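# Observations on chain architecture
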2 protein chains.
Amino acid sequence: MIRHPAFPVEPWAVRESRLDLDVLAQSESLFALSNGHIGLRGNLEEGEPHGEPGTYLDGFYELRPLPYAEAGYGYPESGQTVVNVTNGKLIRLLVDDEPFDVRDGTLHEHERVLDLRAGTLSRRLRWSSPTGGQVRLSSTRLVSFAQRAVAAILYEVEAVGEPRHVVVQSELVANETLGCAAGDPRAATRLESPLVLGENLPAKDGVAVMVHHTRASGLPVAAAMWHEIDGPEDMRVDAAGTGDVNRVTIATLLTPGRRLRLVKYLSYGWSPERSRSALHDQVVAALAAARLVGWEGLRTRQRRFLDDFWHGADVEVEGDAEVQQAVRFAMFHLLQSAARVQDAPIPAKGLTGAGYDGHAFWDTEAYVLPVLTYTYPRAVAAALEWRKSTLPPAKQRAAQLGLAGATFPWRTINGQECSGYWPAGTAAFHINAAVAHAVTQYADVTGDAAFERDTGLPLLVETARLWRALGHHTAEGRYRIDGVTGPDEYSAVADNNVYTNLMAQLNLREAAAAAGRHPDLAARLGVTEEEIRRWCDAAAAMSVPYDERLGVHAQSEGFTQHDVWDFAATTPERYPLFLHFPYFNLYRQQVVKQADLVLAMHLRGDAFTPEQKARNFAYYEALTVRDSSLSACTQAVIAAEVGQLELAYRYLGEAALMDLDNLERNTLDGLHMASLAGVWIALVAGFGGLRAARGDLCFAPRLPRDITRLVFRLRRRGSLLQVNVTEKATTYRLLDGPPVALTHHRERFSLKGEPVTLPNPPAPAAVPRVHQPAGREPLSRRPDRRAREP
Amino acid sequence: MIRHPAFPVEPWAVRESRLDLDVLAQSESLFALSNGHIGLRGNLEEGEPHGEPGTYLDGFYELRPLPYAEAGYGYPESGQTVVNVTNGKLIRLLVDDEPFDVRDGTLHEHERVLDLRAGTLSRRLRWSSPTGGQVRLSSTRLVSFAQRAVAAILYEVEAVGEPRHVVVQSELVANETLGCAAGDPRAATRLESPLVLGENLPAKDGVAVMVHHTRASGLPVAAAMWHEIDGPEDMRVDAAGTGDVNRVTIATLLTPGRRLRLVKYLSYGWSPERSRSALHDQVVAALAAARLVGWEGLRTRQRRFLDDFWHGADVEVEGDAEVQQAVRFAMFHLLQSAARVQDAPIPAKGLTGAGYDGHAFWDTEAYVLPVLTYTYPRAVAAALEWRKSTLPPAKQRAAQLGLAGATFPWRTINGQECSGYWPAGTAAFHINAAVAHAVTQYADVTGDAAFERDTGLPLLVETARLWRALGHHTAEGRYRIDGVTGPDEYSAVADNNVYTNLMAQLNLREAAAAAGRHPDLAARLGVTEEEIRRWCDAAAAMSVPYDERLGVHAQSEGFTQHDVWDFAATTPERYPLFLHFPYFNLYRQQVVKQADLVLAMHLRGDAFTPEQKARNFAYYEALTVRDSSLSACTQAVIAAEVGQLELAYRYLGEAALMDLDNLERNTLDGLHMASLAGVWIALVAGFGGLRAARGDLCFAPRLPRDITRLVFRLRRRGSLLQVNVTEKATTYRLLDGPPVALTHHRERFSLKGEPVTLPNPPAPAAVPRVHQPAGREPLSRRPDRRAREP
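What counts, and at which threshold
- Residues numbered from 1 in each chain as written.
- Chains lettered and ligands numbered in written order.
- Predicted model: local features only at pLDDT ≥ 70, side-chain atom pairs only at ≥ 80, totals over all residues.
- UniProt positions renumbered as here; feature names shortened; annotations may be inferred.
- Pairing = 2+ DSSP bridges.
- Helix = DSSP H or I, 4+ residues; strand = E, 2+ residues; numbered from the N terminus.
- Domains from an automatic or database assignment.
- Nonpolar A, V, L, I, M, F, W, Y, C, P; charged D, E, K, R; others polar.
- Core = buried A, V, L, I, M, F, W, Y, C linked by C-beta atoms within 7 Å.
- Buried ≥ 20, exposed ≤ 12 C-beta atoms within 10 Å, placed from the backbone.
- Contact = placed C-beta atoms within 7 Å.
- Least-squares fit on C-alpha atoms with pLDDT ≥ 70 in both.
- Expected span 1.5 Å × (residues − 1).
- Bend = angle between axes of the 7 residues up to and from the residue.
- Axes fitted to C-alpha atoms, helices over the stretch in contact; angles between N-to-C directions.
- Parallel < 35°, antiparallel > 145°, perpendicular 65-115°, else oblique.
- Left-handed = near helix turned anticlockwise from the far one by under 90°.

Chain A carries the name Alpha,alpha-trehalose phosphorylase in an unreviewed UniProt entry, which gives Sphaerisporangium siamense as its organism. Among the UniProt annotations of chain A, the heading Sequence similarities (unreviewed entry) holds the following wording: "Belongs to the glycosyl hydrolase 65 family."

Right, let's get into the pairing of strand β9 (residues 106-115) of chain B. Residues and elements named next belong to chain B. As judged from the four bridges shared by strand β1 (residues 13-16) and β9, these two strands associate in the antiparallel manner. Bridge pairing links Arg-15 to Val-113 in β9. In the sheet, β9 pairs with strand β10 (residues 120-128) via nine bridges, with the strands oriented antiparallel. Note that in β10 the partner of His-110 across the bridge is Leu-125. Remark: four residues form the turn of the hairpin made by β9 and β10, two consecutive strands paired antiparallel; Gly-119 in that turn has positive phi of roughly 70°.

Once that is clear, we can look at the sheet that holds strand β13 (residues 164-173) of chain B. All names here are of chain B. If you walk across this open sheet you meet the five strands as β8-β7-β13-β18-β17, and the pairing is antiparallel. At either end of the open sheet lies a strand with only one pairing partner, and these are β8 (98-99) and β17 (235-242). Across two bridges, strand β7 (residues 91-95) lies against β8 in antiparallel orientation. Bridging across to β8, Leu-94 finds its partner in Pro-99.

Attention shifts here to the domain arrangement of chain A. Residues and elements named next belong to chain A. By the assigned domains, chain A splits into domain 1 (22-65 + 77-246 + 255-311) and domain 2 (314-784). Here the C-alpha centre of domain 2 lies 36 Å away from the C-alpha centre of domain 1. Those elements giving two or more residues to the side of domain 1 that touches domain 2 turn out to be α1 (24-30), β2 (33-34), β6 (78-82) and α2 (276-313). Per-class residue counts for the side of domain 1 that touches domain 2 are 13 nonpolar, 15 polar and six charged.

Turning our eyes to something else, we now look at the UniProt feature "domain: Glycoside hydrolase family 65 central catalytic" (unreviewed entry) in chain A. In this structure's numbering, the residues bearing the UniProt feature "domain: Glycoside hydrolase family 65 central catalytic" (unreviewed entry) are residues 328-680 of chain A. The span residues 328-680 of chain A shows a helical share of 51% and a strand share of 3%, and its end C-alpha atoms are spaced 9 Å apart.

Formed by 508 residues in total, the largest nonpolar core has its most connected members in Leu-683 of chain A together with Leu-683 of chain B. With residues up to four places along the chain from it excluded, the contact list for Leu-683 of chain A reads Val-315, Val-317, Val-327, Leu-652, Gly-688, Leu-710 and Phe-712 of chain A.

Superposition of the two copies of the chain requires a rotation about an axis together with a shift along that axis. You can overlay chain B on chain A at an RMSD of 0.1 Å; the transform is a turn of 180° with a shift of 0.1 Å along its axis. Expressed as an axis order, the relation between the two copies is that of a two-fold axis. Scanning chain B for the C-alpha nearest the rotation axis identifies Tyr-68 of chain B, at a separation of 2.5 Å. A shared binding surface is used by both copies, with 100% of the interface residues of chain B retained as interface residues in chain A.

Residue and element names in this part refer to chain A. Geometrically, the link from Glu-48 to Pro-49 is a cis peptide bond, its omega value of -5° lying close to zero. Along the chain, Pro-49 falls in the loop between β3 (38-40) and β4 (55-57). Note that the residue after Tyr-575, namely Pro-576, is joined by a cis bond; omega there is -5°. Along the polypeptide, Pro-576 turns up in the loop between β25 (563-564) and α12 (583-587). The backbone of Tyr-356 sits at a positive phi, close to 55°, despite the residue not being glycine. Relative to the helices and strands, Tyr-356 is located in the loop between α3 (321-338) and α4 (362-375). Classification of Tyr-356 by C-beta neighbours within 10 Å gives buried; the count is 24.

In this section: the interface of chain B and chain A. In many analyses, interface size is given as the accessible surface area lost on bringing the parts together. Each partner contributes to the interface: chain B provides 41 residues, whereas chain A provides 41 residues. For the side of chain B that touches chain A, the residue count by class is 20 nonpolar, 14 polar and seven charged.

Mapped onto the fold, Pro-762 of chain B is located in the loop between β34 (756-759) and α18 (783-787). Along the primary structure Pro-762 of chain B and Val-166 of chain B are separated by 596 residues, whereas in three dimensions their C-alpha atoms are 67 Å apart.

Residues and elements named next belong to chain A. Ordered in space as β8-β7-β13-β18-β17, the five strands form an open sheet in which the pairing is antiparallel. This sheet does not close on itself; its edge strands, each paired only once, are β8 (98-99) and β17 (235-242). Looking at chain direction, strand β13 (residues 164-173) and strand β18 (residues 245-254) are connected through ten bridges and run antiparallel. The partner of Glu-171 across the bridge, within β18, is Arg-247.

Below, the discussion takes up helix α17 (residues 673-687) of chain A. All names here are of chain A. Along its 15 residues, α17 runs 21 Å from first to last C-alpha, staying within 8% of the 21 Å computed at 1.5 Å per residue. Along α17, the sharpest kink reaches roughly 35°, centred on Ile-681. With 15 of 15 residues buried, α17 lies mostly within the body of the structure. Where α17 terminates, the next one or two residues include Gly-689, which has phi positive at roughly 70°.

Residue and element names in this part refer to chain A. Taking the UniProt record as the reference, the feature "active site" (unreviewed entry) is found at Glu-489. Inspection of the secondary structure assignment puts Glu-489 in the loop between β22 (479-480) and α9 (498-517). Looking at Glu-489, the number of C-beta atoms within 10 Å reads 21, which means it is buried. In contact with Glu-489, other than residues within four places in its own chain, are Ala-424, Lys-593, Gln-594 and Ser-628.

Moving on to the packing of helix α16 (residues 645-657) of chain B against helix α17 (residues 673-687) of chain B. Residue and element names in this part refer to chain B. Where α16 contacts α17, the axes come no closer than 8 Å and their chain directions differ by 155°. Taken together, α16 and α17 sit at an angle that is classed as roughly antiparallel. Here the hand of the crossing between α16 and α17 comes out left-handed. Together, Ala-648, Tyr-651, Leu-652, Ala-655 and Ala-656 of α16 and Ser-675, Gly-678, Val-679, Ala-682, Leu-683 and Gly-686 of α17 make up the contact between the two elements. Class assignment of the residues belonging to the contact of α16 with α17 gives a composition of eight nonpolar, three polar and no charged.

Further remarks concern the pairing of strand β18 (residues 245-254) of chain B. Residues and elements named next belong to chain B. As paired elements, β17 and β18 share eight bridges and run antiparallel to each other. Bridge pairing in β18 links Ala-240 to Arg-247. Hairpin connection, β17 to β18: the antiparallel pair is bridged by two residues, and Gly-243 has positive phi, about 55°.

On to the environment of Glu-98 of chain B. Residues and elements named next belong to chain B. With respect to the helices, strands and loops of the structure, Glu-98 is situated in strand β8. Overall, Glu-98 belongs to the partly exposed group, with 18 C-beta atoms counted inside 10 Å. Sequence spacing of Glu-98 and Phe-408 is 310 residues, and the spatial spacing of their C-alpha atoms is 53 Å. Filtering out sequence-adjacent residues up to four positions away, Glu-98 remains in contact with Ser-129, Pro-130, Thr-131 and Gly-133.

Another point: the packing of α9 of chain A against helix α11 (residues 529-540) of chain A. Residues and elements named next belong to chain A. Direction vectors running N to C along α9 and α11 enclose 150°, while the axes themselves pass 9 Å from each other. Relative to α11, the element α9 lies roughly antiparallel. Between α9 and α11 lies a crossing whose hand is left-handed. Within the contact between the two elements, α9 uses Gln-505, Leu-508, Arg-509, Ala-511, Ala-512 and Ala-515 and α11 uses Ile-532, Trp-535, Cys-536, Ala-538 and Ala-539. When its residues are assigned to classes, the contact of α9 with α11 shows nine nonpolar, one polar and one charged.

Laid out in structure tokens, this is it:
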């Protein structure tokens, strides 16, 4: 998408300099604004054309039945689907009775800019209607980070050349018609009119309110709008509300140079508990707070919020303008997905689209939260508190499955399992280890003791119980976990998946350690000495399959005995494979959708020798097709670790451009949050070599040829750290807070007031020649774009 | 059910001496009549009460969409469901304006008898209406074996005590209301009004005709009726046809002793190709043929047909009256399911109920056809010719799955896959080996050379091609078949399932041998020397996992490493397990639904030593819960072979009473044809020790204590053989045809004119103590019922 000629590369913005309707749907995702609670897709104000209209509230869903051709015990009967709620972005325009529509007339100028420091989406255009009436229009939109329930739009129109009759209709509209469902299982389920009208109050005293509830799930949602209008004196303003539409209409004659200026304040509220009238009052109150600070106040607070964020989270990449832009774009959207999350999950697409039905998966804990742990930790605590709040259904689910402890759903909005295909859902128990891992990482990096006690410990204990119930000791004393699915979704229901087993091992150990640190609280959760011993015994005896003949780890038991996928016969248009081949055929062959054993080598690097890492990497590299957006960043991390820096750099490029270039062709359904997190992971864990070991931050920086400098910032236990990597050396600076113990290429040191500069040792000698499956080499970027600075 | 006090044990009949509405639905299955083309459930003539009204035509189906909560490539989008077609069994009765209904008034006498030699279901009753009008009623029903399209009912009513006004309504009714769908996945899908009316001709000139077609699949079906009426002179007969009802009404006054006698002739026809008017003519013509022979003619031909059948198929069991009855009941229903099958499959339930949606599975080829091969071979040829006719969709399916050759559907009516859960459907490739095995067995036992050439060879070649595409040679040269599901449905998608691999091996070898016998025809199918060599190489290198530590074969690779199911904690009401536990939990533990490795030891006994058989049997016996009706007979066979004769006897009892005693509590959905075949298998392959080796028939007879004599008959290449087993010795008699080479306990001899009597060697010494999972011991029968002769 950046490679689209309309999108020049810039360090602090994503700019569209020409409107191409072919990429409209993708641009709506890229230009989505959100604060983690409210999400507005980057739809044009006039509503049409659109790829997919989208207004989302985190955690708000409708239920839908999950049908099965053949039912089975324990299959979830209903699923949750994110709802496109009341659209408050709509501002329609009539120029001399001609509706403004970019498909009609002439669009003389067009620009949209997502400003990553201002936190706004702005739009400028000049348009002539088919009958020749010309106007200049501009808008600026924000979803407030500071005021969680509020969004606002500054909308300005002026006549060009001659006076024009102008009518502006600012609306709230519910139950918008959505497009047809695509054949892609990753796309969203289409709901027909999910919202039932409760009340529709036209803008009496300026405030318009609509309250609806979802048909099946019965969740209430309220939306309100209020307008500041500045225009010619002879201006007629009407307000009406009927059915699912609430409208304020402003009609006037604009002489050239005279501008009609409208600030539209929006507020949203929903709650599973509060009454309709309480919600009504809540959105009216949120509007009052927005009016108090006004448009300029909202903008100032937005900028200030982002200044704070970038101060602790910015990543500078010298030598690659595309990656520079991409990593800031990524961090901005990560922040947007998480900043004001509360009592709800961070979905796989954030609030940028309805893909995957708005569900949250394991990748939130495995990819997104680890990045936020270093850059915006407060969101991590909120996200994990939500997980903790879902322990009751997770424990019920474990009991239903004949297990102990908790088993978190593979995909969910409200904590109930929504997965309709158990081999790739229920069987993917590793999500529980990802939750535990996010917990221990957050607690360790932030030192948030209250969190560990109140949120972390219960999560660790219940997931450890699950692992202890899921596996068994063999007669030889090995601990096995059979019949589960690891991260690689092209294998399923296999025995002793290395990733799962190693993460379960860590989970069991961390639970034991946390219970040891908080014996009283653990006892209150029913944890006994005997139980802790059983966790430790299982962890100590954990099976990790290794193929002696090949000298590599088997992703799962028997994996390396399977036939190797016929990559040579697989033409490019048959990717992603799951859309063109049956699962049965994928599962029984050696073909890897996404990093699985390689992810184990990242998150459990301690369980592998450097030689094993190099051999394993080479082996799995030849089998991995990256049909998942979760793979490139992890391959970048291990490629960098085993000394394949140029390959790592190519994977970084792929992770960086996943959404900006629409590499998986489904950016229209929303941005891939985990892949966005992956840009940071590839840079900081890849070229920065960051690994978390309890209490320490370990770095092993090494840059690829084209990146001349990499600067990143991390927060750790109240300290803010800057790491500045160049080809030869790395400089560590403490920007704020107490001294920090660090490791640079296994050399330990303490960082206090003065910066510390240490040389980067040379990369290990080139390891076994690595190759990818035919046609699945990582993205190769045009050198001119990489290098071009704006 | 036999154990129900209303069902006394008899050698040649199933008799119900009292009507118990609680077992009405089951009795409808037990009393079903069929010739393999038309199936009538044993519904009461008056239609109500009923468990499930059922009139089926083999191969006739409606389509229904198969929904998925999460779709996947290659999932079938629509399935076929058997249709309850036009009901011609209906004869309603009014006595002095009171409708005859067994739930009202008083049923003074009631008897129903399924006569296994006459091939009729007869009913006798005496009933008083609530207002006291008393009648005697009798009916006899048959579905003609001799005249494929014809059924007939003799219906007689007389007044008792006083004259009564009697109205008899004989009907054809389409789109009957069915009961509610059960929660059991084995039950049938309910279709709402699947038939669209084409024409409804009242009984002009005595013949009434209705023509419908199915709504979605567009298949036409015609039904016709004609009546012979004999009653008082003052009798009014009317005919009417409106909507989905066609009715002949007979009204008269019956004085005591004067009988109203009605013979209702029915005919059915359907065709995917013929026009409505052709079908209309066809059913009228079939009626004309029926009228020509008349009721007595139909009965005589029915009896003659069955005399012929029993002459070649009867099994006599001395010492166990229950099993004696059961085996004849079983053989009768097997014949009914298969006798006149043509261009359509033999469904798992025959035409006795709509269970499993009327689908045919692998058990037709693996259980039913092998029995018919020795007892009614012409039906086997027809059934396999149907399979051959489905080669085009089977080849398309193989191509869709990325394979070669043909892959037959797991469940189907028309040859298209209907399985909506691929781990237990598509992945169960062993069905293809079952087809091949049925082919070679039939060709070998009958010597039908034309069949081998025209039907057998294409089936063998295309299935061999499948196996060669499905597996691969490892670096060490072993041939592996990964990611498939064997017969045990509590495991799935496993590597190197022993049953599958051994049956595939046989399939490959038999294909190579057949291609060698018919080189020209094979060449026309594209078979080359090179391809045959590849089949033989794969067969020779076939992997057969063996656990050295335990000294047993692993059902699939890694199976014996899995945790053992906690049988002690599984209470009786949680069986069958698949209704109470998730697949994921079943698949990853050692728990066996049905004989899998044990079935391999039956069908591929040559691949195991006697010691291995004994050890394997003991090992799997402790894990097998028999949640499938396909298991007991196979366990009986191997129990007998390893010398556990009393255990084998108990399994025989379970197989024998599966439907008669409703052991799986789903006989209401139809009879279990494979389990009925299993009664014969348990007796003849179990206690007779029959095994098929190319060209020879091998026996190893040994009786359990309670069976004092076992006599069975077999057809082989134009000869008819009788085997008479007693405790000490076995006598072989050639009843008809040329000499036969036989083996008695490994001793080969030729049977010519004179009977040969040979001693039965003692059973092998008791092997390792065998036990079943807690609570899953085979059925223990009441000794008094076993022994009681009628």
